[in-house]
Structures are given as structure tokens and as C-alpha cells.
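Observations on chain architecture
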There are 4 protein chains.
Amino acid sequence: MTRVLVTGFEPFQQDTYNPSWAAAQLLQDKPPAGLEVTAVQLPCVFTKSIPALRSAVLETDPQFVVCLGLSPRRGISIERVAINVDDSPGLDNDGQQPVDEPIVPDGPAAYFSTLPIKRCAAAVQQAGIYSEISLTAGTFVCNHVFYGLMHLLATEDKQRRGGFIHVPHTPEMPAVSAYGVPSMAVDTAAEGLRIVLTTVAAHDTDIKVPWGTTS
Amino acid sequence: MTRVLVTGFEPFQQDTYNPSWAAAQLLQDKPPAGLEVTAVQLPCVFTKSIPALRSAVLETDPQFVVCLGLSPRRGISIERVAINVDDSPGLDNDGQQPVDEPIVPDGPAAYFSTLPIKRCAAAVQQAGIYSEISLTAGTFVCNHVFYGLMHLLATEDKQRRGGFIHVPHTPEMPAVSAYGVPSMAVDTAAEGLRIVLTTVAAHDTDIKVPWGTTS
Amino acid sequence: MTRVLVTGFEPFQQDTYNPSWAAAQLLQDKPPAGLEVTAVQLPCVFTKSIPALRSAVLETDPQFVVCLGLSPRRGISIERVAINVDDSPGLDNDGQQPVDEPIVPDGPAAYFSTLPIKRCAAAVQQAGIYSEISLTAGTFVCNHVFYGLMHLLATEDKQRRGGFIHVPHTPEMPAVSAYGVPSMAVDTAAEGLRIVLTTVAAHDTDIKVPWGTTS
Amino acid sequence: MTRVLVTGFEPFQQDTYNPSWAAAQLLQDKPPAGLEVTAVQLPCVFTKSIPALRSAVLETDPQFVVCLGLSPRRGISIERVAINVDDSPGLDNDGQQPVDEPIVPDGPAAYFSTLPIKRCAAAVQQAGIYSEISLTAGTFVCNHVFYGLMHLLATEDKQRRGGFIHVPHTPEMPAVSAYGVPSMAVDTAAEGLRIVLTTVAAHDTDIKVPWGTTS
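Everything numeric in this text was worked out from a predicted model, so none of it was measured.

What counts and what doesn't
Residues numbered from 1 in each chain as written. Chains lettered and ligands numbered in written order. Predicted model: local features only at pLDDT ≥ 70, side-chain atom pairs only at ≥ 80, totals over all residues. Heavy atoms only, no water. Helix = DSSP H or I, 4+ residues; strand = E, 2+ residues; numbered from the N terminus. Contact = heavy atoms within 4.5 Å. Phe/Tyr/Trp six-rings, centres within 6.5 Å; stacked < 30°, edge-to-face > 60°. Buried < 20%, exposed > 50% of the residue type's maximum accessible area, 1.4 Å probe, protein only. UniProt positions renumbered as here; feature names shortened; annotations may be inferred. Least-squares fit on C-alpha atoms with pLDDT ≥ 70 in both. Pairing = 2+ DSSP bridges. Axes fitted to C-alpha atoms, helices over the stretch in contact; angles between N-to-C directions. Polar contact = N/O pair within 3.5 Å; in protein donor to acceptor, adjacent residues only side chain to side chain. Buried area = accessible area lost by both parts, 1.4 Å probe. Salt bridge = Lys/Arg side-chain N within 4 Å of Asp/Glu carboxyl O. Nonpolar A, V, L, I, M, F, W, Y, C, P; charged D, E, K, R; others polar.

**Looking at the environment of Trp 21 of chain A**
All names here are of chain A. If you trace the backbone, Trp 21 turns up in helix 1 (residues 19-29). Residues Trp 21 and Thr 170 lie 149 residues apart in sequence; the distance between their C-alpha atoms is 12 Å. Non-local contacts of Trp 21, meaning those with residues more than four positions away in its chain, are made with Gly 8, Phe 9, Ala 39, Val 40 and Gln 41.

Quick look at the structure:
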């Protein structure tokens, strides 16, 4: 059995639902074959999210960690790089808004995901579920947790792999009809994420196919 | 007199025009008060662009360096961070397509711009010209040059500041009508860039205002 | 004095603010020279919006009518055409959601704006405020009101001109930081709209410049 | 056997390939069960496209007509409405650029597609292929042909149904890597279009599900 930690976020602000947490629970309830998934909810709060993540890692001792977040994108959006800066466009769930603060003072400017990101995105796409490689996870709590995860793994346990994935809104969420943000049913997102977990468990190395952007 | 090096790119593939080079020339021809601008054209080629940039820096000995590139964005797009990877979505002007290669093996994962990026973007906006902070310069020759510049400055001369800015297409370029990419007249782009250069020359430090994104 | 009717909408759903109504009020409070502007708020309700508009037109007897709505776009977005269908992506403020219903049974499929739309957009742009021509006003209450207005003018009073304009969110609205929708300060939007009103008052005919899209 | 006419366009400007024509040919070569598909290529020229379409309709006497065009969208994009205006953002393949000219003087402002558009989009989506309802086909040759088709059917033969569908670029086309326009393999597009043709052949009426936008 391969132990996997999957985190999702609590609902943000007025939202009463967060697909990243719903998907994490679906993965725990019905994990891919051969994997044992523990789902842990993280607070959408700068100061509390990384400590909560660290506790969860220590407690579950997973082979790899996948943190999930919500984003107005249109599929399983696999992040490539976390950067060492908080620049919050609004208040977090504790009413805080750090601006241009390093996440880890004197930490490296960035960390790359250690998941085989292109192999995962290609596998999800082959199942007919939209997936993409993303070059920025923003500068809010998602990037904060992603950077915190990679720093933790780099400094405390280099064997453990990890990364961050954004999932879309669900069709029922108000932002979909009000602002036209793209959406995906959470069951479809979970199905795509199961393929990700299976792919990560089976492969240490990535495939070398072009998946970049000009700008 | 403050010496400034501004680079632009040669036309890409079938294009016969590159607004990044046209804007660089306009800045040299009509620099902001108190600045002496040298415009240098870089090849749109992975292997040749950084050596050409390095020669230009050594030759002109500028107080700061601003590299320009073309992007389907809608204004003066000031890049925040360069990442240490080439992942070319197509061929460069030498017919090469590096995929998932580090720009500098064993170099840091990323460098942040050392320009006061928010102060610049705010000043350009105040003049009624659209400007934004960008969190990714892509993984093509633009990011390659940006990373190469910041590595050069970090390792060879820590006093010199530098950064990268994307400018939009011009209204006459075929991509504007064919693909609906946004555009800006090159004179307007040059006017915005003059404000950037003046701002960089006058200020070592940035302003601390929120300008991030959730994802 | 040229009498002008400008309508805006009440806040939609949980929103407590609607920039379309705020802008309408700013135009009434500080109209362009030579114009008398009456601002009227319309309910964001399919069944009630057109009757309210009709009453306002009869009461104010304006030379021309400009209806405003809110949209996640990035500037003064001047609509070209209203289509004869309601296809609501969600509930209106009365909890109704018409789907694929004609606005006026046996009415024409569409009406074009009778404002000089390109002249207006060009004038706003010349003032350094972003403006665009839009080819769809959607299928929610905005398009409903736009179609209702044009049908009213076509059938009851062919001298009166009218059209519809979408304005962006304001920077303080939650959707801006949460979903990255573009924004514009309401004072800037009002300034752009003053230019629109002045242009409409001064010109019966449009300029003939290309402003279309391939698709 | 149900006879179907499917049109695609010749390559536009410097392009050497047009997925709309490639897809039309694939449909002719391997039609859905029970359908006989004739593929006809239309010139990307305002003045010649509608006469060529009319000839093809008269010659093939189809039960329904589906015209295809290329667009920088991300799936099978089913158009809802054609408007009576040419406003060309650039030159067509004959070097002409009509601006604000009616397609049919004194024709109605718009025509709605007479295909069951939502039923088609839903069927394509159920097969795991991205599909959407579009509210504007632009103001270039695509909208021109769409309007011409619907006017032809409305005035010459009310039994025949017809509509317009945009297909995406293919991954190999330069615009995909250069401008980041979305893409879809032409075989996938053809598979989605086969589902469309089968759905149109089997159903006269549409389903009544919300699929609109707020703006």
C-alpha cells in the first residue's frame, strides 16, 4: 500500500463549498487501487495553513503529498513552480493580507514540483478529462501552501515527493453563472485526480514532451 | 546621465516586425530626460540570446537593464519572476526546441526582478496606459533571457538592477485581426516604457501595494 | 438642453453594489455640458425590467436612451446587437430563470443599436479610457432590457435613439480579487460614459472604421 | 439515407491548412451511420462564399446543412445566431475588407440557427469532447456565410435546416505555440461533428436547458 496525503482547503470567504476539499474527500473515500489516501482540510489562512500541512505530513508519513486548491480554470491544472512571495489580492479567512512578504525569509526564490507533472497531465487528458500545466499558482494561500510544502520536503525529507494542483469550480457554484468562470463536476475532477495519484505512484521520472508557453 | 541598456528581439519566425525591438529603438532615439538609452537587438534563439545580452551589458556598462519581449497581452506587462527552465512550445529562429532543460545547471530555481515593478506599473497606469504585473514570463526565449540577465547580474555585478517587460502586438500585426490578440500602438508602448525607465532611475525601492492573484 | 435617460441595474443577488447604477447616478449628478441626464434604476428581474424602462422613457421623454449593465469586461463595452431570446444562466432577483423564451413573441430576431457605437468607442479610447465594441450582450437581463428598449423605440417612436453599454466591476468588488475579473474605478467609467453621451448628442451618424472580429 | 451538406473553408491568408475543411473531408470519407455527407470547400472571400454555398445546396439537395469555420476557441463551438453585418477586421482572400455593410440589404437583423444546438452540444460533451454554445460568430466571412445560409433557407426552402459550427485550431498550427490559442486534434473535432450530424438527423426539436451567459 502506498500512503498518500491529499489536502484541500476550507471554503473561502462567503463560499459554503470548496471543490478542492470535496475532491480530497472523494479520493479518500474511493482511492485508486493500491493507494491509501488521507484527506486533510487546510485553513484558508496564511499563518495557519503551513503548520497544519506540516502536522498532517508528520502524522500520516505519506510517500507523496498532493495539495489541492480552487481556481477559475477549466480542468486539472498541475502547477510547475512555487515562488517565495505572498502578495494577497484580498483578505484571507483570518482577515489578513500580507503584501510582498517572503514565505520563508532567506528561502530560495522558488521550488519546482517534484511530481512527474507532464506524465500526469498527459494521463488525465488521455482519459478525456481536461488537464494543463500551469506556470503560476498565484501569490495567495495556494502558492503559499505549495511553497511551504516544497520547502518542508526539501529541508526535512528529500525522499518524499509533492506538488500542487488546482481544480475548477463546480457547475453549481454562483461564480460560474455570474462571472462565466469555467467549471467541472467534482466527480470528474476526482476521477482525473485518481489518475494523477496512480501516475505519481507508478513513476519517479517525468516524460520529456514540450508543454511550455511563449509568455 | 544614467546609462540604460534596453534590449528587444528580432522578428520571430515569419513575422517581419517585432514591437519589442521597435520600442527599444524609440527609447534610444528619444530617451527620457537624464537617461542615455542604448538599444540592442537580441536573436530569438536560445543558445545565442544570453551571450549577446552579456556582450551588450559589458559594452554599455549600464546602471540598469530592461529586456523587452513580445507577448499577446494587452499592455506594459512587467514580469516578476524568471524560472530556471526552457520548455519551448515550438522552434526558435535557429530551429531548436529545448524541452525541460535548465537554463543554468545548478542555478537557483528562480530569480525575482530587481526593478521596482509595482512602482513602475502604477506610474504607467497613472499616465492612462494599461500596465500589469505578470507572474510568468513563460518558458520560451523571453524567460530564458530574463533568467540569463538576472543570473548575470546576481553573479557578476550585484549593483546593477534589471528586469523583463512584455509589450503587446501592434494593431497592424496579422495576429491581431486573425486571432483577436490585444494590441497597443508602439508609440504608446514606448511612452509607457519611458515612464518605466524614469521610475527605475529615480527609485531603488518598490511600493508595497497588493498586486497579486489568487491563482 | 438635450434630455437623456440613463438606466442602471439594482445590485444582483448577494452583491450590495452595482457599478451600472452608481455610474448612472454620477452622470445625473454631473452631466456633460448641454445635457440633462435622468438616472433610473431598473430591477434585475426579467418580467419587471422592461415595464420599468418603458415608464421611465414615457416620463422623461428623452432624446436618446442609454441602458447600462455590469459585466466582467475591462472597459466601456458598447453593445452592437440585442437578440430576441432569454436564456438565463441562473436565477434573476425574483428567482425566475427563463430558458429559450423569446423576449417579444413574433418580434424580429435582433435589433442593432441606433447609437453611433464606433464613434463613441473611439472617442472614449482617445481619452485614454479602455472601450470596445461587443457583439453579444449575453442572454440574461441585460440583453433582455437592450432588446426591450430597441423594440420599444422601433415600434413606438422611431426618432428616439438608444443602446446598451456594459461597464466593468470596480476594484473593490469581491469578484475582482476572487476571480480575477477586470475592473475600472466607477469615476473613470462615468468619465468614459460622459464622452459617450456627448458623442451621441453631437452625431447622428457613425464612423465607418473596421472594428469587427473574425469569430 | 439522409443527405447532408458540410462546408469548410479554404486556408486563410498565409495558412496552408484549414481544420474546418479537413474536418469536412473526414466527415465525407467516414460519415455517421445512415448519413451521406458531401463536403464542399468555400472560398474565404466575402463576395464568392455565399454563391458557392448556394450552388452546393442546389446541387446536393441536402436534408440539412452544416457550415464549418475555424476559430481560436477550444472545442466544437455551435453558433446560435447570425447577424446582418460585415465588419471585417482584415482583408479576405480576395483582398477585400467590407466595413459595416449589410450582408442582405433589407434582410432581417439576424437569423437563429435551426439546428437543435443545445442537444448537439450536450451530446458532444457526453462523449468527452469539449463543446459550447456561442452567441456570436463574429463579423468576418464565417458570420457572412452563416447569415447567407440562413437567409437562403428562410427564403428558398423552409424545410431545410442549417447552422454554423466553429472548430478549433489543430495542435500543429503555428498560432497554437505562438499565441497560445487552444487546439484540438482534427480527428477529435471530426468525431464531435459526427455526433452533431447524428443528433441533427435524429431530432427536429431542441432540449430546453439553460446554456446562456450573463453578458
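**Observations concerning the packing of aromatic side chains**
Residue and element names in this part refer to chain D. Under the definition given, this model contains 18 aromatic pairs over all chains. Consider the rings of Tyr 111 and Tyr 147, whose centres lie 5.1 Å apart with planes at 55°: the pair is tilted. Taken together, the residues span a long stretch of sequence, with Tyr 111 in strand 8 (residues 110-112) and Tyr 147 in helix 4 (residues 141-156) at a distance of 36 residues. With a relative accessible area of 14%, Tyr 111 lands in the buried category.

**Considerations on unusual backbone geometry**
All names here are of chain A. The phi angle at Gln 13 is positive, at roughly 50°, despite the residue not being glycine. Tracing the sequence through the fold places Gln 13 in the loop between strand 1 (2-9) and helix 1. Since its relative accessible area comes to 39%, Gln 13 is described here as partly exposed.

**A short note on the UniProt feature "active site" (unreviewed entry) in chain A**
UniProt annotation of "active site" (unreviewed entry) refers to Cys 142 of chain A when read in the numbering used here. Its location among the elements puts Cys 142 of chain A in helix 4 (residues 141-156). Apart from the residues lying within four places of it in its own chain, the contact partners of Cys 142 of chain A are Phe 9, Gly 69, Leu 70, Ala 137, Phe 164 and His 166 of chain A together with Thr 214 of chain B.

**Remarks on the relation of the copies chain A and chain D**
With an RMSD of 0.0 Å, the fit of chain A onto chain D corresponds to turning through 180° and sliding 0.0 Å along the axis. Accordingly, the operation relating the two chain copies is best matched by a two-fold axis. Ranked by how close their C-alpha atoms come to the rotation axis, the residues of chain A are headed by Gly 128 of chain A, at 2.8 Å. Of the interface residues in chain A, 100% have counterparts in chain D that sit at the interface too, so the contact is made through matching surfaces.

**Quick look at the sheet that holds strand 10 (residues 161-167) of chain A**
Residue and element names in this part refer to chain A. Taken in spatial order, the six strands of this open sheet run 2-1-3-10-4-9, and their pairing is mixed. Each edge of the sheet is formed by a strand with only one pairing partner; in this case those strands are strand 2 (35-42) and strand 9 (131-134). Ignoring which end each strand starts from, the neighbouring axes of this sheet average 25° apart. Bridge count for strand 1 against strand 2 is eight bridges, and the pairing is parallel. Across the sheet, residue Val 6 finds its bridge partner in strand 2, namely Ala 39. Sitting on the sheet, helix 3 (residues 117-126) is in contact with strand 4 (76-79) and strand 9, with an inclination near 160° to strand 9.

**Structural notes on the side chain of His 151 of chain D**
Residues and elements named next belong to chain D. Looking at where His 151 falls in the secondary structure, it is placed in helix 4. Separated by 2.7 Å, the side chains of His 151 and Tyr 111 make a polar contact. The residues contacting His 151, other than those within four sequence positions of it, are Val 104, Pro 108 and Tyr 111.

**Brief notes about the interface of chain A and chain D**
Each side of the interface is counted separately: chain A has six residues, and chain D has six residues. Surface buried jointly by chain A and chain D totals about 390 Å² across both partners, of which 38% is contributed by carbon and sulfur atoms. On the surface where chain A and chain D come into contact, there are zero salt bridges. Connecting chain A to chain D are one residue pair in polar contact (both at pLDDT 80 or more). Of the residues in the side of chain A that touches chain D, the class split is two nonpolar, three polar and one charged.

**Description of the side chain of Ser 113 of chain B**
Residues and elements named next belong to chain B. Mapping Ser 113 onto the fold places it in the loop between strand 8 (110-112) and helix 3 (117-126). Among the polar contacts made by the side chain of Ser 113, one reaches the main-chain carbonyl oxygen of Gly 162 at a distance of 3.5 Å. Sequence-distant contacts of Ser 113, defined by excluding residues within four places in its chain, comprise Glu 79, Arg 80, Phe 146, Met 150, Gly 162 and Gly 163.

**With respect to the sheet that holds strand 9 (residues 131-134) of chain D**
All names here are of chain D. With mixed pairing, the six strands of this open sheet are ordered in space as 2-1-3-10-4-9. Strand pairing shows two members of the sheet lacking a second neighbour, strand 2 (35-42) and strand 9, which therefore form its edges. Between one strand axis and the next, the sheet turns through 25° on average, direction left out of account. When strand 4 (residues 76-79) meets strand 10 (residues 161-167), the two strands line up antiparallel, connected through two bridges. Bridge pairing in strand 10 links Ile 78 to Ile 165. Sheet contacts for helix 1 (residues 19-29): strand 1 (2-9), strand 2, strand 3 (64-70) and strand 10; angle to strand 2, the most-contacted strand, approximately 155°. The strands touched by helix 4 are strand 1, strand 2, strand 3, strand 4 and strand 10; relative to strand 10, the strand with the most contacts, the crossing angle is about 170°.

**Considering the interface of chain B and chain A**
Tallying the contact residues gives 37 residues for chain B and 37 residues for chain A. When the two sides are added together, the surface that chain B and chain A hide from each other amounts to roughly 2,700 Å², 62% of it contributed by carbon and sulfur. Counting every contact that joins chain B to chain A gives 10 salt bridges. One salt bridge connects Arg 80 of chain A with Asp 87 of chain B, and the closest N-O pair in it is separated by 3.1 Å. Counting the contacts that link chain B with chain A gives 20 residue pairs in polar contact (both at pLDDT 80 or more). When residues of the side of chain B that touches chain A are traced back to their parent elements, those giving at least two are strand 5 (81-83), strand 7 (99-101) and strand 8 of chain B. Class assignment for the residues of the side of chain B that touches chain A results in 18 nonpolar, 12 polar and seven charged.

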